[in-house]
Number of protein chains: 10
Amino acid sequence: MAGRNENTLKDLSLLGNQNTKYLFEYSPQVLESIDNLHSNRDYFIKFNCPEFTSLCPQTNQPDFATMYISYIPDKKIVESKSLKLYLFSFRNHGDFHEDCVNIIMNDLIELLDPRYIEVWGKFTPRGGLSIDPYCNYGKPGTKFEQMAENRLMNHDMYPEKVDNR
Amino acid sequence: MAGRNENTLKDLSLLGNQNTKYLFEYSPQVLESIDNLHSNRDYFIKFNCPEFTSLCPQTNQPDFATMYISYIPDKKIVESKSLKLYLFSFRNHGDFHEDCVNIIMNDLIELLDPRYIEVWGKFTPRGGLSIDPYCNYGKPGTKFEQMAENRLMNHDMYPEKVDNR
Amino acid sequence: MAGRNENTLKDLSLLGNQNTKYLFEYSPQVLESIDNLHSNRDYFIKFNCPEFTSLCPQTNQPDFATMYISYIPDKKIVESKSLKLYLFSFRNHGDFHEDCVNIIMNDLIELLDPRYIEVWGKFTPRGGLSIDPYCNYGKPGTKFEQMAENRLMNHDMYPEKVDNR
Amino acid sequence: MAGRNENTLKDLSLLGNQNTKYLFEYSPQVLESIDNLHSNRDYFIKFNCPEFTSLCPQTNQPDFATMYISYIPDKKIVESKSLKLYLFSFRNHGDFHEDCVNIIMNDLIELLDPRYIEVWGKFTPRGGLSIDPYCNYGKPGTKFEQMAENRLMNHDMYPEKVDNR
Amino acid sequence: MAGRNENTLKDLSLLGNQNTKYLFEYSPQVLESIDNLHSNRDYFIKFNCPEFTSLCPQTNQPDFATMYISYIPDKKIVESKSLKLYLFSFRNHGDFHEDCVNIIMNDLIELLDPRYIEVWGKFTPRGGLSIDPYCNYGKPGTKFEQMAENRLMNHDMYPEKVDNR
Amino acid sequence: MAGRNENTLKDLSLLGNQNTKYLFEYSPQVLESIDNLHSNRDYFIKFNCPEFTSLCPQTNQPDFATMYISYIPDKKIVESKSLKLYLFSFRNHGDFHEDCVNIIMNDLIELLDPRYIEVWGKFTPRGGLSIDPYCNYGKPGTKFEQMAENRLMNHDMYPEKVDNR
Amino acid sequence: MAGRNENTLKDLSLLGNQNTKYLFEYSPQVLESIDNLHSNRDYFIKFNCPEFTSLCPQTNQPDFATMYISYIPDKKIVESKSLKLYLFSFRNHGDFHEDCVNIIMNDLIELLDPRYIEVWGKFTPRGGLSIDPYCNYGKPGTKFEQMAENRLMNHDMYPEKVDNR
Amino acid sequence: MAGRNENTLKDLSLLGNQNTKYLFEYSPQVLESIDNLHSNRDYFIKFNCPEFTSLCPQTNQPDFATMYISYIPDKKIVESKSLKLYLFSFRNHGDFHEDCVNIIMNDLIELLDPRYIEVWGKFTPRGGLSIDPYCNYGKPGTKFEQMAENRLMNHDMYPEKVDNR
Amino acid sequence: MAGRNENTLKDLSLLGNQNTKYLFEYSPQVLESIDNLHSNRDYFIKFNCPEFTSLCPQTNQPDFATMYISYIPDKKIVESKSLKLYLFSFRNHGDFHEDCVNIIMNDLIELLDPRYIEVWGKFTPRGGLSIDPYCNYGKPGTKFEQMAENRLMNHDMYPEKVDNR
Amino acid sequence: MAGRNENTLKDLSLLGNQNTKYLFEYSPQVLESIDNLHSNRDYFIKFNCPEFTSLCPQTNQPDFATMYISYIPDKKIVESKSLKLYLFSFRNHGDFHEDCVNIIMNDLIELLDPRYIEVWGKFTPRGGLSIDPYCNYGKPGTKFEQMAENRLMNHDMYPEKVDNR
Ligand SMILES: [Ca+2]
Ligand SMILES: [Ca+2]
Ligand SMILES: [Ca+2]
Ligand SMILES: [Ca+2]
Ligand SMILES: [Ca+2]
Ligand SMILES: [Ca+2]
Ligand SMILES: [Ca+2]
Ligand SMILES: [Ca+2]
Ligand SMILES: [Ca+2]
Ligand SMILES: [Ca+2]
Ligand SMILES: [Ca+2]
Ligand SMILES: [Ca+2]
Ligand SMILES: [Ca+2]
Ligand SMILES: [Ca+2]
Ligand SMILES: [Ca+2]
Ligand SMILES: [Ca+2]
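Computed from a predicted model, the values in this text were never measured in an experiment.

What counts, and where the lines are drawn
- Residues numbered from 1 in each chain as written.
- Chains lettered and ligands numbered in written order.
- Predicted model: local features only at pLDDT ≥ 70, side-chain atom pairs only at ≥ 80, totals over all residues.
- Heavy atoms only, no water.
- Donors = N, O, S within 2.8 Å, 3.2 Å for Na, K, Ca; no water.
- Helix = DSSP H or I, 4+ residues; strand = E, 2+ residues; numbered from the N terminus.
- Buried < 20%, exposed > 50% of the residue type's maximum accessible area, 1.4 Å probe, protein only.
- Contact = heavy atoms within 4.5 Å.
- Polar contact = N/O pair within 3.5 Å; in protein donor to acceptor, adjacent residues only side chain to side chain.
- pLDDT = per-residue confidence, 0-100.
- Least-squares fit on C-alpha atoms with pLDDT ≥ 70 in both.
- Buried area = accessible area lost by both parts, 1.4 Å probe.
- Salt bridge = Lys/Arg side-chain N within 4 Å of Asp/Glu carboxyl O.
- Nonpolar A, V, L, I, M, F, W, Y, C, P; charged D, E, K, R; others polar.
- Phe/Tyr/Trp six-rings, centres within 6.5 Å; stacked < 30°, edge-to-face > 60°.
- Lys NZ or Arg CZ within 6 Å of the ring centre and 35° of its normal.
- Axes fitted to C-alpha atoms, helices over the stretch in contact; angles between N-to-C directions.
- Left-handed = near helix turned anticlockwise from the far one by under 90°.
- Expected span 1.5 Å × (residues − 1).
- UniProt positions renumbered as here; feature names shortened; annotations may be inferred.

A. Region of interest: the coordination of the calcium ion (ligand 12). Looking at the calcium ion (ligand 12), one finds its protein donor set to be Asp 163 of chain G (OD), Arg 165 of chain G (O) and Arg 165 of chain H (O), positioned 2.2 to 2.4 Å from the metal centre. Between the calcium ion (ligand 12) and the calcium ion (ligand 10), a separation of 3.5 Å is found, and both are coordinated by Arg 165 of chain G. Taken together, the positions of Asp 163 of chain G in the segment after α4 (143-153) and Arg 165 of chain H in the segment after α4 (143-153) put the pair across two chains. Neither residue differs from the other here; Asp 163 of chain G and Arg 165 of chain H are each classed as buried.

This is how it looks when you write it as structure tokens:
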């Protein structure tokens, strides 16, 4: 079996649409999903997002991060162009690093009702320190709930080398 | 014991054959297998495939990825030149990233009936984001079914650094 | 839900305050906390601190380290600017490498009563050797106590390459 | 001789001032300079600016770059906090990559009248390609004019490896 | 001075146009140029193109390369989306590695009449060897002609490490 | 306790012997072992062998690999110079990648009767693909048998980046 | 609590003492210990020792290694300058790679009676091969005995890349 | 202009020919050339050859190297498959490192009469030392003769880091 | 000729002296020199100093840098332990980045009267930017004066990648 | 022409000789040379020597370095095994870093009378600083004398990153 046909693409309003409008205020409504053609199988999809930027709520100074979003879909997968627009919408939005990753995960849970999801933000330093918050989630009442706890308890035992250069 | 003799190679139509024809439309029929000489033992074979390219089904734009295919064979192993031709056959074929890895794995399961298999695609970015889908499979009713679940649940807890450069 | 409002920031005396005074003698009292807005969820916050410096208690010679501090908050999270000031306060303070990581962890436990915390110091070499002490802690009587033991028992099985250059 | 005294700092309105206002529209007027204490000597100052972001003038999509700004000062050096604010002011401003580096250099020439200056922008990819424009300048009628030509003619003979990951 | 206005963009048929058609046969006519706003100054523009793929003229097997294209513009700069389409048009075109870089440079000279240009292709290995051809050009009768000769004569004195992994 | 005395070295025919003869046809008989002085303890010995080369049985073309051999000894350890000679003996021998690692492991099991052993070959690419087979073994009826199964089931969950350069 | 006072340092004969004598014959008696101030807690101390050198017992040729020593202390911690002197004392001592790591671990067990300890030596190549022996130990009759077995059974599943350059 | 036609390929006996015979004794006669289609222009072609292996003439022990061959063609370019076969022919041939690079360059000068050529061999270590010989050549009586001298006199002023691991 | 004898060491008050006192206020008087035994020859000595730290004169916040000091000695070379103490003396001293490198170079010129010297400071970021000042000097009236100008004019044409992580 | 014959090897007393005696006191007499077969040509030979160790003349503490020795031979080339033994002979010899590189170069000039030679030592840190001395030489009265001056004047304009880890 191979090849997305037109039916599986009919929900897709953004990809290939030239009138894309970039929103720079927090806009969860821009997120869109499409059907998961392989819902009979548990598998992972990871998004690498090195161009995340938001504002510090206190100082209004821009913050920069790479976001790693990884999930096991259930019935829906996130459409990648809408995810891009959603992440761009944090551009002029103020929130702490710890809040950003939780909000992004909450919005994707709301959209996709995934079996499992995790979000890891790796921010550039302010004042000589950098902050890397990480949250995850497994659908309550399924084996993925335990999976989430296990992954959290074994999270990041080999922190990457950071020297601020 | 050492050295493939001619018997074990008689099924091999491609390797060393000069009339190889490169197909650039999805062609699962090109895949060939040869005998596994070590089927008494569970062991791993990994293929690193940094030259995978396909087309986006919506925009018809080329996509690029490195595919990592890793499996524990049962009676058969995939012949490497036929795998190369099979992967080349995605060159002008349109499908989403998430679908490509599932299709490749499905086709290799069909060919090899392996004990275990996994496929990880790492794509170059589009719109500032890159997508890395991963799927796996263990033969139902064997210990490899549980192995597949365990590996999925512990998948990629240390995402590689991606900065789009 | 999104955006820290003013209420959640009212405890914050340092961020954005121009009269910051840098203390260079061990000053645990400088540490401040703010509310954790996501205490319904277990999640990780990591601080990368590559600019730690203290003095050797015997020779009075400066020591240098990168500190990695990682924790699962309970009701409180540490305010990052206060953490910076706290770490700066070791600048003219004398203690062995092994003691510094334990003291930092003790002070953050006192401040935050976290569910889980760990501190890893990676020091530059003296006499051709470098020392990397690591300690951790899980709240007694919770699952995090067992988590701490498990992480310690599986700590650093892949030591990073160190060649003193 | 050592230590900036108060006289040399009196022009400095931003450093240590808490009422900093972040401007997100192109604002060359925010740039400030201070005296060069070593103008008897030719020497280099380099700024590494990995958090530059602007908007594409056609698509309004965010662009990301690392800017490397390097110069030999004459009477004045740029105050680093004002340079930060200036670069942040491109955040919601639309211009092509090639234009951004020329504009930044023009504004710093206007501010500092430097002996020599160069600006190199390294942007993240769009459509699978990335663009790295570079411009430089030597004060006309001095040896630095020839220096600029020589450096341009020998520019980037070892392009860094770029693989979009 | 800052900001491309509409006048400078009027020649641009591709950027932001949704009806982009991807051509997979060699198509130099797809290349487009726009005005260089800084033609009073010599400066460099580099394109990093890690997704180049063509076909071997003898075996019809796909070849893969990263192309580095760097030039000093005169009156015109190449529009980046048209360059992308042009490079994609080699996808099903057969030519030797050495020929590809020369053809690309010839076509860009024809389009842009640049002051200086160079093209470096770095191909993945075939049969254990990889080939990296490099060509350059300076406008005849100008100082850039000598510049081209100088750069060629000092080309790649520090070959990058290549180990086929 | 310290220092190998002459008794423990008396079986050693190769180390320091100038009449070493290099065999370039598969020669398992060249392998030699010496006593393990620490057989009361389970511990690991790893050999890194980046200079392995054999011939493809079909095309007679040279293949190249790095072999990683790791084992827990029982009564005997392999003498390193004899292992070098053994690996050199594949130089003009033809076998598939998958077979080489199994043969090497079989021969070392025969020689050493180890508690545990594993062999991982990482080959350079042919036709754009590279192959990395891995096999392991635990002595039947001991805890090392289960250890081998566990390691296989958790093998290589973080495949190294391979880009054929 | 913070700061080593004089009492905890009174056993320390070497640190800050100018009459240090470097011994270049195996000298376990040079090792010294000091009190562990945090014996209520299990925590790790790692020493990175990239300047280890010994002699081959057969050929008398110098061998070079990086030693990684990691342990959980009980009542005592090793004084770092004495460890440096101890490791230097292998300089003119002859022993096989496999023996060196076992001897070092035995001597530190004798000195410190630690809860857990491990030693990993990574040697430079001889004859194109390099050897990396690893041993560990947990105090018999405690949970650390099981910890040692678990760590050994999961040792080094991701061997570092070694290419002899 | 684009695309090799059949005329330019008629001299090519090896590429795509299935009856390739691999010679493992020094065989300069296997080298073949094809027409340079761009002889009006000076440009560089580099071959990266990480799979070179020969034998030590004294000890008969295998040596391993990466060969970097770079040249400016005149009327002819070397056919890549014949170069591969030629390099393979050193497999069982004995010569010192310094001699190998000179011989390879001599044979390519004989074949191609190039304007400029250089060969750099980077060998793996023997006895803790590694050797990297480099030679070059410019056609006598042309500007390339001076170019060769200039490149030699500025050769390798930044030796790569080598640590034998 | 080999081996420092006692005469050449008689000026050396610090090396091996246990009463070393660490000064943390700018102390150029701590610098000491010894005789250059090879003053008949021009040669380079470089100091890598990754543990430099000073204070910002405005904010009193600690700054961190790696200092690279490189010189051609005349009659004297700097004694390395005294250089260490001198650099430590900036620990509680306030000065701008641009001033620190100039001051260090001035003090070493005063001490050594070197033929040539250069100082490059690479600082960690503040506010998302980092600063790398570089100064140099050649003895007036000698060829080293021209050498200094040449090196400055060709300084840092390949800025290292900086991404603040 | 290819292959060292017996005549060119007759001077070679060490290579393949089993009675090699390792000397650990400075022994320049151990150096041996063989004929340069390519003396009609100027070419480079580089030795990478990462296992150099000597003693500090004041403290008697071991020092460690990587030595890079690079030269253009005249009539003789150094035999590599004798160079290894010579470098090993510094093992128990005391001298400053600056002196070691000058002594090594002097001894090789004495042995080989080379056209050009340079020696760069890169030492591991002591007290947080590391020292990298570099010296070179061109045969007086030849073009290589000027070459040496030119290389010295352009030495190390891109110091490698050193962070003591
Ligand atoms: Ca860094
Ligand atoms: Ca970095
Ligand atoms: Ca990257
Ligand atoms: Ca990359
Ligand atoms: Ca990248
Ligand atoms: Ca590589
Ligand atoms: Ca590669
Ligand atoms: Ca690679
Ligand atoms: Ca390699
Ligand atoms: Ca290395
Ligand atoms: Ca190393
Ligand atoms: Ca290596
Ligand atoms: Ca980064
Ligand atoms: Ca380092
Ligand atoms: Ca660092
Ligand atoms: Ca290092």
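B. Layout of the environment of Glu 51 of chain H. By the secondary structure assignment, Glu 51 of chain H is in strand β2 (residues 43-55). Its relative accessible area of 7% is what places Glu 51 of chain H among the buried residues. Here the alpha-carbon distance between Glu 51 of chain H and Glu 79 of chain H, two residues 28 residues apart in the chain, equals 18 Å. If we skip the residues at most four places from it in the chain, Glu 51 of chain H touches Gly 128 and Asn 164 of chain E, Phe 64, Thr 124 and Arg 126 of chain F together with Ala 65 of chain H. Among the polar contacts listed, one links the side chain of Glu 51 of chain H to the side chain of Thr 124 of chain F, at a separation of 2.4 Å.

C. How the structure looks around the confidence of the model for chain A. Chain-level pLDDT for chain A is 91 on average; 88% of the residues reach the 70-or-more range. Reported confidences for the modelled complex are a pTM of 0.91 and an ipTM of 0.91.

D. Summary view of the relation of the copies chain E and chain H. For the pair chain E and chain H, the relating rotation is 72°, the translation along its axis is 0.0 Å, and the fit reaches an RMSD of 0.1 Å. Overall, the copies show the geometry of a five-fold rotation axis. When C-alpha positions in chain E are compared against the rotation axis, the closest is assigned to Tyr 158 of chain E, at 6.9 Å. The residues that chain E uses at the interface reappear at the interface of chain H in only 15% of cases, marking distinct surfaces.

E. Layout of the interface of chain H and chain J. On the chain J side, the residues contacting the 40 residues of chain H number 43 residues. Here chain H meets chain J over a buried area of about 3,500 Å², counting both sides, of which 58% is carbon and sulfur. Here chain H and chain J share three salt bridges between them. Note that Lys 46 of chain J and Asp 156 of chain H form a salt bridge whose closest N and O atoms lie 3.0 Å from each other. At the level of elements, α3 (97-112), β6 (130-131), β7 (134-138) and α4 of chain H are the ones that each hand at least two residues to the side of chain H that touches chain J. Taken together, the residues of the side of chain H that touches chain J break down into 18 nonpolar, 13 polar and nine charged.

F. Focus on the environment of Pro 57 of chain F. All names here are of chain F. Tracing the sequence through the fold places Pro 57 in the loop between β2 (45-55) and β3 (62-72). Residue classification places Pro 57 among the partly exposed residues on the basis of a relative accessible area of 23%. Residues Pro 57 and Asp 163, 106 residues apart in the sequence, show an inter-C-alpha distance of 26 Å.

G. Representation of the interface of chain E and chain H. Taken together, the contact between chain E and chain H spans 41 residues of the former and 43 residues of the latter. Both sides of the chain E and chain H interface together cover about 3,500 Å² of buried area, and 58% of this is carbon and sulfur. Contact with chain H buries surface across chain E, with Leu 129, Met 153 and Tyr 158 of chain E losing the most and accounting together for 18% of the total. For the interface between chain E and chain H, the tally reads three salt bridges. A salt bridge links Lys 143 of chain H to Glu 149 of chain E; the shortest N-O distance between them is 3.1 Å. For the interface between chain E and chain H, the tally reads 14 residue pairs in polar contact (both at pLDDT 80 or more). Of all the secondary-structure elements, those providing two or more residues to the side of chain E that touches chain H are α3 (97-112), β6 (130-131), β7 (134-138) and α4 (143-153) of chain E. Of the residues forming the side of chain E that touches chain H, the biggest block, seven residues, is contributed by α3 of chain E. Here the side of chain E that touches chain H is composed, by residue class, of 19 nonpolar, 13 polar and nine charged.

H. Structural context of the packing of aromatic side chains. Throughout the structure, instances matching the rule amount to 77 aromatic pairs over all chains. Ring centres of Phe 44 of chain H and Tyr 116 of chain H lie 6.1 Å apart, and the angle between their planes is 75°; this geometry places the pair in the edge-to-face category. Taken together, the residues span a long stretch of sequence, with Phe 44 of chain H in strand β2 and Tyr 116 of chain H in strand β5 (residues 116-123) at a distance of 72 residues. Taken individually, Phe 44 of chain H and Tyr 116 of chain H each receive the classification buried, so the pair is uniform in this respect. Linked through ring pairs, Tyr 158 of chain A, Tyr 158 of chain B, Tyr 158 of chain C, Tyr 158 of chain F together with Tyr 158 of chain G together constitute an aromatic cluster. The positively charged end of Arg 91 of chain H is found above the aromatic ring belonging to Phe 24 of chain H, 5.5 Å away from the centroid. Here the basic side chain of Lys 122 of chain I rests over the ring of Trp 120 of chain I, its NZ or CZ set 4.3 Å away from the ring centre.

I. Focus on the packing of helix α2 (residues 80-88) of chain H against α3 of chain H. All names here are of chain H. Closest axis-to-axis distance for the α2/α3 pair is 12 Å, and the angle between their directions is 145°. You can see that α2 and α3 cross each other, and the crossing is right-handed. When α2 is examined against α3, the residues Leu 83, Tyr 86 and Leu 87 are found in contact with a partner set consisting of Ile 103, Ile 104, Asp 107 and Leu 108. For the contact of α2 with α3, the residue count by class is six nonpolar, no polar and one charged.

J. Broad picture of helix α3 (residues 97-112) of chain D. Residues and elements named next belong to chain D. The terminal C-alpha atoms of α3 lie 23 Å apart, and with 16 residues this matches the ideal 22 Å at 1.5 Å per residue to within 8%. Among the 16 residues of α3, 13 are classified as buried, and the element is accordingly described as predominantly covered. Looking one or two residues beyond α3, the residue adopting positive phi is Asp 113, at roughly 45°.

K. Seen up close, the UniProt feature "active site" (unreviewed entry) in chain A. Residues and elements named next belong to chain A. Look at the UniProt record and you will see "active site" (unreviewed entry) annotated at Cys 56 and Asp 63. By the element assignment, Cys 56 lies in the loop between β2 (43-55) and β3 (62-72). By the secondary structure assignment, Asp 63 is in strand β3. In contact with Asp 63, other than residues within four places in its own chain, are Phe 52, Thr 53, Ser 54, Leu 55, Cys 56, His 97, Phe 123 and Arg 126.

L. Focus on the UniProt feature "binding site: substrate" (unreviewed entry) in chain A. In the numbering used here, UniProt assigns the feature "binding site: substrate" (unreviewed entry) to Val 78, Glu 79, Ser 80, His 97 and Glu 98 of chain A. Taken along the chain, the residues just named run across 21 residues; in space they spread out, the farthest C-alpha pair reaching 25.0 Å. Of note, Val 78 of chain A is situated in strand β4 (residues 76-78). Residues in contact with Val 78 of chain A, not counting those within four places in the same chain, are Leu 31, Glu 32, Ser 33, Phe 47, Tyr 71, Leu 83, Leu 108, Leu 111 and Leu 112 of chain A. For Ser 80 of chain A, the location among the structural elements is in helix α2 (residues 80-88). For Ser 80 of chain A, the residues in contact, after removing those within four places along its chain, are Phe 47 of chain A together with Leu 129 and Ile 131 of chain B.

M. Spatial organisation of the side chain of Asn 102 of chain B. Relative to the elements of secondary structure, Asn 102 of chain B occurs in helix α3 (residues 97-112). Judged by its relative accessible area of 0%, Asn 102 of chain B is buried. From its side chain, Asn 102 of chain B meets the backbone oxygen of Glu 98 of chain B in a polar contact 2.9 Å long. The residues touching Asn 102 of chain B, leaving out its near neighbours within four places in the chain, are His 38, Arg 41 and Tyr 43 of chain A together with Cys 135 of chain B.

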